[in-house]
Amino acid sequence: MTAKPFDLAHAELDVGTVLLEASAGTGKTYTIVGILLRLLLEERIERLDQALVVTFTVAAAAELKNRLRRGLEAVALGGGDDPFLRELAARPGAAERTAQALDDFDQVPIATIHGFCKRLLDEAAFESRTPFEVEFLVDPVPLLDQAAADALRSCYTEAPSALPAVLHRAKLEPTALVKAYQLWHRYPDVALTPLPADATPHLAALNAALPQAVAAATLDTLTELKNWPWLSGESPFPDDDAEFAALHERLRSAPWTALDFLCHLTPAELAGRLRKRGRPDLDHPLPRACGALAEAADHATAHLRVELLQRMHARLERAKTEQRTLSFDDLVLHTHAALHDPNRAPTLLQALRQRYRVGLIDEFQDTDARQYGIFRTLFAGRPLFLVGDPKQAIYGFRGGDLRAYLRARSDAALHFTLGTSYRSGPDLVTAVQRVFAGPRPFANDALDLPAIQAAARNQHRTVRGDGGAALQFRVLTDKLSADELRTRIAQDVTAEIAKLLRGSARLDDRALRPKDLAVLTRTNREAVLVQEHLREAGIAAAIGKAGDVFDTDEIAELDLFLKALLQPRDLRLARAAMATRWWGLDAVALAAQESDEAALERELGRLDRFRQAWLRHGLVVMVEAALRELGTRTRLLAQPGGERRLTNYRQLVELLHAAEHQGRLAPEGLYEWLQRERIHRDELDYQLRELRLESDEQAVQILTVHGSKGLEYEVVFCPFLWFGRKPDAPAVLVQGDHRVLLHE
C-alpha cells in the first residue's frame, strides 16, 4: 500500500482502520485533535465521549486532553488565524456543539492503554468475569520475587548433586529468574524452549557424564594440561602448587563443586585459549570427556530453566488469585481474553460498541500484538485511527512491537503520512531525507523514510554565519582507545559550541544562546565528560535526562546513609555514611575519631537524631533536618558538579517519599523497597528514574537520546552515536513467525 499525504480537512473518516504514519515534528497531536473536531462537528459522533482516545503515558494523555480543549475553545471563538479551525467554526451548529462539548469535557475518555483496560474491567466486571474489588498492583516485583524463590526452593538439597551444581553454574537465582520471566511475558508469542520442560532425564545424563570426566582428570593429566601453551591470562589452572593440589583433591572428593572448571576444558574452548604455535592435539581424553560433560550440563540447564519458569508462573498466578490482585500486564491480558472469549465477547462487545463509535490510538508504534488485538476487535468495521511512527517501533520502547505495527498496516483500509515538518528548517529536512534515501535504510524492507518537506514558516530556521552545513558528520581517523576517543570528541564538541556562541553565527537575526544548544549522549558518564569540558571552557552546561538516577553515585551514597540510620550503633556502617558527600567527613576527620571519642559520639548522636526523625515524622522531614544540620546543600554547591549531585539527591528522595506514602512504609520497609527497585529497576517507570535537568536554564542542555524525545533545540550535537553495546542476555529473538527466549 502506497502512503499518501493526509488531508486533514477533507479525508474520509468512516472507512474502517486508517493508519497515519507521523515522523517527529509533523503535527501528530494537531492532527488527532483535528480528527476529533471533525467527527464532532460533522455529527459522526454526538458527543466526544463516544470517541475512545488512547495514548501511552499519563503525561501524554494530559497534554492531548489540554490540546483538545484549546482546539474546542478556538473553534468556539471563530478559529482565529488557523484556516482549518476557521472552516470548522463556520459550519452550521459549530458554536453550539463546541459549547456543549466544553461543558461535558470532563467526560472525554482520553486515557493510557492500562487506564482504559482498568476502566473496562471495573465497569464491565460482570461481562468480563473480573472479580469485584480487585486490588491494582502498582509494583509486581515482590510477588515475582516470591514466586521465583518458591520455584527455586524445591531445588535445594543438602547433598552435592547435579541439580544445585547446575543452578550455581547457570547463576539461576531469584533475580535472574525474575528477569527471564519478565522477558518471557513481554510479548504474547514468546516461546519457551526447549520442551518438554522436565529436566530429570537431562540431570541423569549429567550425573552419568561427571564420573567419566573426573576419572580422566588424573593428577598427571591435570599437570600435563597446566603446562600447555596458554595465552596470557587464559589458563584455568592456579599457579600456586598448594592451590593446584587443592583443585585435584576437590575433583576427587567433591566433584560437583568443580563442574564449572571442567566445563571450561572442552576442545572448543581450549582452541580459543591456547596459542596456535605448539598447540597439542585437542582430541585428548580429558577435553573429550569435558566436552561431553559441558554438553550434558547445557542441556540440563536449558530444560531446568524452562521448568523453573513454568513453576514460577503457576505460583505467581495462584498468588494473584488468592490475593485478588492484578498488575499492569494483567489488565491488558484480561481485557484481551475477555474480548476474544466466544462465551464472554458478544455481551461485552455489545456494551462497548454502544459506548464507543470511533477509536484514535496515539503513539501506536508502542503497541504490542495483544494491545492491537483489543482495538482491532473492539472497532472491527468501525472507524479506527492508528497514529504512530514505525521507525520508533524498531526500538521496542514500552514493549512496542514492529511486527504488530506492520500487521496493522496490512489490515488498514487506508494508509497516510503526515508530510510536513513544523520543527526543522528546509536544509536539515532535505539533508535527513538524503541520508535515508538508500535501500533498506532501517534494515527492513517494510520501512522507509516518507517524503517530508519543511513548513513554509520554517524557511528561516537556519543557523547562518558558521560556515557549515545543516547536517554535519565529523570523523576522527586517529587510532585511539575508546576513552581517548570520548575525550577527544568532547573537546571537539566544546570547541564547536564555543565557536557558535562566541563567533558570528546567528539564528533568525539574533545571536545563539547556550540554551539553544543540546548535546545528546548515551550515558551519564558521557554527559558528565561533556559538561566538564564545557565548564572548563567557561560555558554553562546543565545535565538533564542524560541517564538513570539509579546509575549515579548519589543512590549508592543515599543507600549507605539510610542503612546506617537503620543500624545506628554499627560503627562500620556509620563511618561509611559519614564518608559520603551527603555527610561530608573526609579521611582526616574519620581518622581523628579513633583518638577523639567525643567527636565520634557527636556524629553518632546526629545519626540517632536523624533516625528518630525518620521514625516519628517520615523521610522528608528527616532528610531536610539532615541536609540542614550537615550543611550538605552549601557544601555541594561549592564543589564542581555539586548542583548535579544535589538534583540527583532531591530526585531520589522524592521517589522514596512517593513509595513511603503509597505503601505506608516504615523505615525498614522503605529501605527494602529501595533495594528491590535497584535490582528490578525496569519495573519502575523510566521517566521517574531519568535524570532531571539542573536549574540553570541559560545553559547548554546535555541529555540522552531517549530523553530528548519530543523536545526541540536549535542546534543538536550527537557525539557518541558511534559507540554501541552488546545486547543483554537473556534476550528475546525473532525466529520466523514467533519469538524465542535466549539466555546466552
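Up top is the structure.
Now for a look at the structure at hand. Sequence order as written defines the numbering, with residues in each chain counted from 1. Whole-chain, interface and lining totals are the exception, using all residues; otherwise, since this is a predicted model, local features are given only for residues with pLDDT of at least 70 and side-chain atom pairs are given and counted only at 80 or more. Processing note: side-chain calculations cover all non-hydrogen atoms of the structure and skip hydrogens and water entirely.

So, the overall build of the protein chain
Right, on to step 1. In terms of helices and strands, the protein chain carries 32 helices and 21 strands.
Right, on to step 2. The buried share among the 744 residues of the protein chain stands at 46%.
Right, on to step 3. Contacts are residue-level and defined by heavy atoms, with any inter-residue pair within 4.5 Å sufficient. Summarising the internal contacts of the protein chain: among those between residues at least 6 apart in sequence, 78% fall at separations of at least 24.
Right, on to step 4. For the protein chain, the accessible area works out to roughly 37000 Å², and carbon and sulfur atoms hold 52% of it.
Right, on to step 5. The protein chain carries 93 positive and 105 negative side-chain charges, and their two centres are separated by 2 Å. Strands here are runs of E lasting at least two residues and helices are runs of H or I lasting at least four, both read from the DSSP assignment and numbered beginning at the N terminus. Exposed residues in this analysis have more than 50% of their type's maximum accessible area, buried residues have under 20%, and partly exposed residues fall in between, with area computed by a 1.4 Å probe over protein chains only. Residue exposure ignores everything except the shown protein chains as possible cover, and the areas themselves are Shrake-Rupley values with a 1.4 Å probe. None of His or the chain ends enter the tally, which takes Lys and Arg as positive and Asp and Glu as negative. Just so you know, the charge point we use is NZ for Lys, CZ for Arg, CG for Asp and CD for Glu.

Details of the packing of helix 9 (residues 174-184) against helix 15 (residues 285-323)
Right, on to step 1. All axes are obtained by fitting lines to C-alpha atoms, using only the stretch in contact for helices, and the reported angles, taken between N-to-C directions, cover 0 to 180 degrees. With their axes 10 Å apart at the nearest point, helix 9 and helix 15 run at an angle of 80° to one another. When the interaxial angle is binned, helix 9 and helix 15 end up roughly perpendicular. The segment helix 9 lies against helix 15, with Leu177, Val178, Ala180, Tyr181 and Trp184 engaging Leu308, Leu309, Met312, His313, Leu316 and Glu317.
Right, on to step 2. Polarity classes work like this: nonpolar for Ala, Val, Leu, Ile, Met, Phe, Trp, Tyr, Cys and Pro, charged for Asp, Glu, Lys and Arg, and polar for all others, with Gly in that last group. Residue composition of the contact of helix 9 with helix 15, grouped by class: nine nonpolar, one polar and one charged. For this classification, under 35 degrees means roughly parallel, over 145 means roughly antiparallel, 65 to 115 means roughly perpendicular, and everything else is oblique.

As for the nonpolar core
Right, on to step 1. For this analysis, a nonpolar core means a set of buried residues of the types Ala, Val, Leu, Ile, Met, Phe, Trp, Tyr and Cys, connected via side-chain atoms within 4.5 Å. Core analysis: the biggest nonpolar cluster contains 67 residues, and Leu206, Phe237, Leu262, Leu293, Leu308 and Met312 have the highest contact counts within it.
Right, on to step 2. Sorting elements by how many residues they give to this core places helix 15 first, with 15 residues.
Right, on to step 3. Setting aside its immediate chain neighbours within four residues, leucine 293 contacts Leu206, Ala209, Leu210, Ala213, Leu259, Leu262 and Cys263.

Quick look at the pattern of salt bridges
Oppositely charged side chains can form a pair if their charged atoms are brought close together.
Right, on to step 1. Any carboxyl oxygen of Asp or Glu within 4 Å of a side-chain nitrogen of Lys or Arg constitutes a salt bridge here. Taken as a whole, this structure holds 47 salt bridges when the rule is applied.
Right, on to step 2. With a closest N to O distance of 3.2 Å, arginine 44 and aspartate 14 form a salt bridge. Taken as a pair, arginine 44 in the loop between helix 1 (28-41) and strand 3 (51-55) and aspartate 14 in the loop between strand 1 (4-5) and strand 2 (17-22) lie far apart in primary sequence, 30 residues in all.
Right, on to step 3. Exposure remark for arginine 44: the relative accessible area of 32% places this residue in the partly exposed category.
Right, on to step 4. Assessed through its relative accessible area of 48%, aspartate 14 is described here as partly exposed.
Right, on to step 5. Put simply, aspartate 411 and arginine 407 hold a salt bridge, and the shortest N to O gap is 3.8 Å. You can see aspartate 411 and its partner arginine 407 sitting in helix 20 (residues 402-411), four residues apart, about one turn around the helix.
Right, on to step 6. Exposure remark for aspartate 411: the relative accessible area of 31% places this residue in the partly exposed category.

With respect to the sheet that holds strand 16 (residues 517-521)
Right, on to step 1. Reading across the sheet, the four strands line up as 17-18-16-19 and stay open at both edges, with parallel pairing between neighbours. Looking at strand neighbours, the two that pair on one side only are strand 17 (541-543) and strand 19 (715-717), the edges of this open sheet. Across the sheet, the mean angle from the axis of one strand to that of its neighbour is 25°, orientation sign disregarded.
Right, on to step 2. Only when DSSP finds a minimum of two bridges between them are two strands counted as paired. Where strand 16 meets strand 19, three bridges bridge the pair, whose relative direction is parallel. Bridge pairing in strand 19 places leucine 517 opposite valine 715.
Right, on to step 3. On top of the sheet, helix 23 (residues 524-536) reaches strand 16, strand 17 and strand 18 (700-704); it is set at about 165° to strand 17, its chief contact.

What about helix 7 (residues 141-153)?
Right, on to step 1. What a helix should span is 1.5 Å times the count of its residues minus one. The end-to-end C-alpha distance of helix 7, which contains 13 residues, comes to 18 Å, matching closely the 18 Å that a straight helix rising 1.5 Å per residue would cover.
Right, on to step 2. Restricting attention to buried positions, one finds in helix 7 the residues Val141, Leu143, Leu144, Ala147, Ala148, Ala149, Ala151 and Leu152.
Right, on to step 3. Looking at the buried residues of helix 7, the elements they touch are helix 8 (162-169), helix 9, helix 15, strand 7 (325-326) and helix 31 (667-679).

Here we look at helix 9
Right, on to step 1. When helix 9 is considered as a whole, its buried residues turn out to be Leu177, Val178, Ala180, Tyr181, Leu183 and Trp184.
Right, on to step 2. A distance of 3.0 Å separates the backbone nitrogen of threonine 175 from a side-chain oxygen at the start of helix 9, and that oxygen is part of glutamate 173. Pairing of N or O atoms within 3.5 Å defines a polar contact, subject to two protein rules: one partner must be a possible hydrogen donor and the other a possible acceptor, and residues neighboring in sequence count only if both atoms are side-chain atoms.

Quick word on the packing of aromatic side chains
Right, on to step 1. Side-chain rings of Phe, Tyr and Trp, where Trp is taken by its six-membered ring, are said to pair if the distance between their centres is within 6.5 Å; with planes under 30 degrees apart they count as stacked, over 60 as edge-to-face, and otherwise as tilted. Under the definition given, this model contains 16 aromatic pairs.
Right, on to step 2. Geometrically, the ring pair formed by phenylalanine 237 and phenylalanine 261 is edge-to-face, given 5.5 Å between the ring centres and 80° between the ring planes. Remark: phenylalanine 261 occurs in helix 13 (residues 259-263) and phenylalanine 237 occurs in the loop between helix 11 (219-226) and helix 12 (241-253); sequence separation between them is 24 residues.
Right, on to step 3. On the basis of relative accessibility, which here comes to 12%, the residue phenylalanine 261 falls in the buried class.
Right, on to step 4. Their ring planes at 40° and their centres at 5.2 Å tell us that phenylalanine 561 and tryptophan 582 sit as a pair that is tilted. Placement of phenylalanine 561 in helix 24 (residues 553-566) and of tryptophan 582 in the loop between helix 25 (571-578) and helix 26 (587-592) is noted, with a sequence separation of 21 residues between them.
Right, on to step 5. Chaining the aromatic ring pairs together yields one cluster made of Phe561, Trp582, Trp583, Phe610 and Tyr649.
Right, on to step 6. Consider the ring centre and the ring normal. A charge sits over the ring if Lys NZ or Arg CZ is within 6 Å of that centre and within 35 degrees of that normal. Between lysine 226 and the ring centre of phenylalanine 244, over which it is positioned, the NZ or CZ distance is 4.7 Å.

Some thoughts on the sheet that holds strand 3
Right, on to step 1. Spatially, 1-10-2-9-8-3-4 is the arrangement adopted by the seven strands of the open sheet, whose pairing is parallel. At either end of the open sheet lies a strand with only one pairing partner, and these are strand 1 and strand 4 (110-112).
Right, on to step 2. In terms of strand pairing, strand 1 meets strand 10 (residues 414-418) through two bridges, oriented parallel. Each bridged residue has a counterpart across the sheet, and for proline 5 the counterpart in strand 10 is threonine 417.
Right, on to step 3. Docked against the sheet, helix 18 (residues 369-378) engages strand 3, strand 8 (358-361) and strand 9 (384-388), running at close to 170° with respect to strand 3.
Right, on to step 4. Here helix 20 sits on the sheet and contacts strand 2, strand 9 and strand 10; the angle it forms with strand 2, its principal contact strand, is near 125°.

Concerning the environment of glycine 71
Right, on to step 1. The topology assignment puts glycine 71 in helix 2 (residues 58-76).
Right, on to step 2. Along the primary structure glycine 71 and valine 33 are separated by 38 residues, whereas in three dimensions their C-alpha atoms are 7.0 Å apart.
Right, on to step 3. Setting aside anything within four residues of it in sequence, one finds glycine 71 in contact with Val33 and Leu37.

Remarks on the packing of helix 8 against helix 15
Right, on to step 1. Running from amino to carboxyl end, helix 8 crosses helix 15 at an angle of 85°, the nearest separation of the two axes being 10 Å. The orientation of helix 8 relative to helix 15 falls into the category roughly perpendicular. Facing helix 8, whose interface residues are Leu163, Val166, Leu167 and Arg169, helix 15 presents Ala297, Asp298, Ala300, Thr301, Leu304 and Leu308.
Right, on to step 2. Residue composition of the contact of helix 8 with helix 15, grouped by class: seven nonpolar, one polar and two charged.

Focus: the state of the cysteines
Right, on to step 1. Note on terminology: disulfide denotes any pair of cysteine sulfur atoms within 2.5 Å. Evaluated as defined, the whole model comprises zero disulfides.
Right, on to step 2. Here cysteine 290 is not disulfide-linked; the sulfur of cysteine 263 is the nearest cysteine sulfur, at 7.3 Å.

Concerning unusual backbone geometry
Glycine aside, the phi torsion of most residues is negative, and most peptide linkages are trans.
Right, on to step 1. Between threonine 193 and the following residue, proline 194, the backbone shows a cis peptide bond with an omega angle of 0°.
Right, on to step 2. The residue proline 194 is located in the loop between strand 6 (190-191) and helix 10 (200-216) in this model.
Right, on to step 3. Non-glycine residue glutamate 363 carries a positive phi angle of around 50°.
Right, on to step 4. Tracing the sequence through the fold places glutamate 363 in the loop between strand 8 and helix 18.
Right, on to step 5. Backbone geometry places alanine 443, a non-glycine residue, at a positive phi of 60°.

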